[in-house]
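Residues per chain, in single letters:
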Amino acid sequence: MGTVTCIAPVNIAVIKYWGKRDETLILPANDSISATLDTDQLCAKTTVMASPNFKEDRMWLNGKEEDIRSPRLQNCLTEIRKRATHSNSLSQLKIHICSENNFPTAAGLASSAAGYACLVAALAKLYKVEGDISAIARVGSGSACRSVMGGFVRWYMGSAPNGVDSIAKQIVPASHWPEMRILILVVKDSKKKVSSAIGMKRSMETSELLKYRAKSVVPERTNRIQQAIIEKDYATFAELTMKDSNQMHAVVLDTYPPCTYMNDVSHAVVELIHSYNEAVNSVKVAYTYDAGPNTTLYLLEKDVPAVLGVLDHFFPPLKDNLVEYRRGLPIETVKPSQNLVSKMNIQQQSPGQFKYMIYTRVGDGPKYLKDSKDHLLNSQGLPINHV
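The text that follows walks through the structure, step by step, so that each part is easy to find. For every chain, the first residue of the written sequence is number 1, and numbering continues from 1 onward in sequence order. Totals for whole chains, interfaces and linings use every residue, but because this is a predicted model, local features are given only for residues with pLDDT of at least 70 and side-chain atom pairs only at 80 or more, for both listing and counting. Heavy atoms from the whole structure form the basis of all side-chain values; hydrogens and water molecules are not counted.

**As for the overall build of the protein**
Quick reminder of the rule: A helix here means a DSSP run of H or I that spans at least four residues, while a strand means a run of E at least two residues long, and both kinds are numbered starting from the N terminus. Three exposure classes are used, based on accessible area relative to the maximum for each residue type with a 1.4 Å probe and protein chains only: buried under 20%, partly exposed in between, and exposed over 50%. Whether two residues are in contact is decided by their heavy atoms: any pair within 4.5 Å suffices. Surface accessibility in these figures is a Shrake-Rupley result with a 1.4 Å probe; residues are shielded only by whichever protein chains are displayed. In this tally Asp and Glu are treated as negative and Lys and Arg as positive; neither His nor the chain ends contributes. Where a charge lies is defined by one atom per residue type, namely NZ (Lys), CZ (Arg), CG (Asp) and CD (Glu).
Within the protein, the regular secondary structure consists of ten helices and 17 strands. Principal-axis analysis of the C-alpha atoms gives the protein an extent of 70 × 50 × 40 Å. The proportion of buried residues among the 387 residues of the protein is 56%. Long-range contacts, defined as pairs at least 24 residues apart, comprise 79% of the intrachain contacts of the protein with a sequence gap of at least 6. Carbon and sulfur atoms make up 51% of the accessible area of the protein, which totals about 17000 Å². Side-chain charges of the protein comprise 45 positive and 38 negative groups, with the mean position of each set lying 3 Å from the other.

Below, the structure is given as structure tokens:
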């Protein structure tokens, strides 16, 4: 019997992946770039176990048994088993998979990216598969290929019809830009109305803006932001991050029928960030939105206390929620001056617009957990936390 447990990170794109040129192989319409977030705050955890006693392949996600026949899951399993060393006797055995996220699933926080990266990393270790696994993670969930490594990562769209060159590569490791911080504002953590997969397909079929974006905007923008990351040029990085988020959400509105992922609170945060940057006469903080209403802010560590003070002033938390409200790294706040508040000319929101916030940093790729106490499956191959 073989058992492997792995944790894998979330990644949040600064140059967005939106649209596939091949639905089956999950080949993107353009390159994308993301930062891998620290697994201490946000991660997926997966245990895979192979045993001669198992009658069939089975899978549990966040305590509930899921259909293992999902095409994407099967694609990953098939690909791993195909690449398993021939002498590997495990590849003939049935497997059980158990996976958990320590953050909301399907709410626009890149849960599928972390989940599939974790699954593929665990399976690769179990089946002794060597070499690049980003292309295998990609067939599970496109952006999962960026979660198989740490730091800042670029996913190359590639040009080969079979997708062999559509892989992710690290631009720089997490240690390259240690001052970079990420603040996630969780507006809503319920499941979204239109999934990313359906939204992308609809955009590819109907949005003229998407075609223009992929061909005329993203190639140059991706190279520019990559250079900004290498040079630690925050102002350029921040501006391009916000512009690319805005353009992705313009594409989903240009889709027919339109998809909307941002809500009123999301738009109010955008207004606040621009107003703050203008008031302090410097780009101190950048927002980005994936396919959901939650905000991801990229900012430098030295600016976090002031930015947090501004957020607390204009988006006050509920008084009885303060313990659960701030999650992640320890965090200090500096109250904004009356002068700054009046300069910003923004309306204060009613308390409780954010459910909570997560403060984190750029982190490393998947990690293997050696201690058997970390496994999610018991010796019979059943979930320890099964409900």
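**Brief notes about the sheet that holds strand β14 (residues 295-300)**
To keep it simple, the criterion reads: Strand pairing is assigned whenever DSSP detects at least two bridges linking the two strands. Axis lines are fitted to C-alpha atoms, over the contacting stretch for helices. Their N-to-C directions set the angle, which ranges from 0 to 180 degrees.
The five strands lie next to each other as β13-β14-β12-β16-β15, forming an open sheet whose pairing is mixed. Both edges of this open sheet fall to β13 (285-288) and β15 (326-328), since each of them pairs with a single strand only. Shown here is a sheet whose adjacent strand axes are inclined to one another by a mean of 25 degrees, direction ignored. Relative to strand β16 (residues 356-361), strand β12 (residues 180-186) is paired through six bridges, and the arrangement is antiparallel. Paired with leucine 183 across the bridge in β16 is tyrosine 359. Across the face of the sheet, helix α6 (residues 234-254) comes into contact with β12, β13 and β14 while running at roughly 25 degrees to β13.

**Focus on the pattern of salt bridges**
This is how the line gets drawn: We define a salt bridge as a contact between a side-chain nitrogen of Lys or Arg and a carboxyl oxygen of Asp or Glu at a distance within 4 Å.
The full count for this structure, using the stated rule, is 18 salt bridges. Here aspartate 57 ties to arginine 81 by a salt bridge, and the two come within 3.3 Å at their closest N and O atoms. In this pair, aspartate 57 sits in the loop between β6 (43-51) and β7 (58-61) while arginine 81 sits in helix α1 (residues 71-83), placing the two residues 24 residues apart along the sequence. Under the relative-accessibility criterion, arginine 81 is labelled partly exposed at 24%. A salt bridge links glutamate 239 to lysine 243; its shortest N-O distance comes to 2.7 Å. A residue pair is termed a helical-turn pair when its members lie 3 or 4 positions apart in one helix, as glutamate 239 and lysine 243 do in helix α6 at four residues. For glutamate 239, a relative accessible area of 38% translates into the label partly exposed. For lysine 243, a relative accessible area of 40% puts it in the partly exposed group.

**Some details on the pairing of β7**
Where β7 lies against strand β9 (residues 94-101), four bridges are found, and the strand directions are parallel. Considered in β9, the bridge of methionine 59 is made with isoleucine 97. What sits between the antiparallel neighbours β7 and strand β8 (residues 64-66) is a turn of two residues, in which asparagine 62 has the positive phi angle 50 degrees.

**Digging into the nonpolar core**
Just so we agree on the cut-off: Side-chain atoms within 4.5 Å are what join buried Ala, Val, Leu, Ile, Met, Phe, Trp, Tyr and Cys residues into a set we call a nonpolar core.
If you look at the biggest cluster of nonpolar residues, it comprises 117 residues, and the most contacted ones within it are Phe152, Phe237 and Phe354. Discounting chain neighbours no more than four positions away, the residues touching phenylalanine 152 are Ser34, Ala35, Gln170, Ile171, Val172, Trp177, Met180, Ile229, Phe237 and Val362. Counting six residues, the second-largest nonpolar core is a separate cluster that includes Met49, Trp60, Leu376 and Leu377.

**Details of unusual backbone geometry**
Cis geometry marks the peptide bond from tyrosine 256 to proline 257; its omega dihedral reads -10 degrees. Located in the positive-phi region is isoleucine 26, a residue other than glycine, with phi close to 55 degrees. By secondary structure assignment, the location of isoleucine 26 is in the loop between β3 (20-22) and β4 (27-28). You will see that lysine 232, though not glycine, has its phi angle at about 55 degrees, which is positive. Relative to the helices and strands, lysine 232 is located in the loop between α5 (208-231) and α6. A relative accessible area of 36% means that lysine 232 is categorised as partly exposed.

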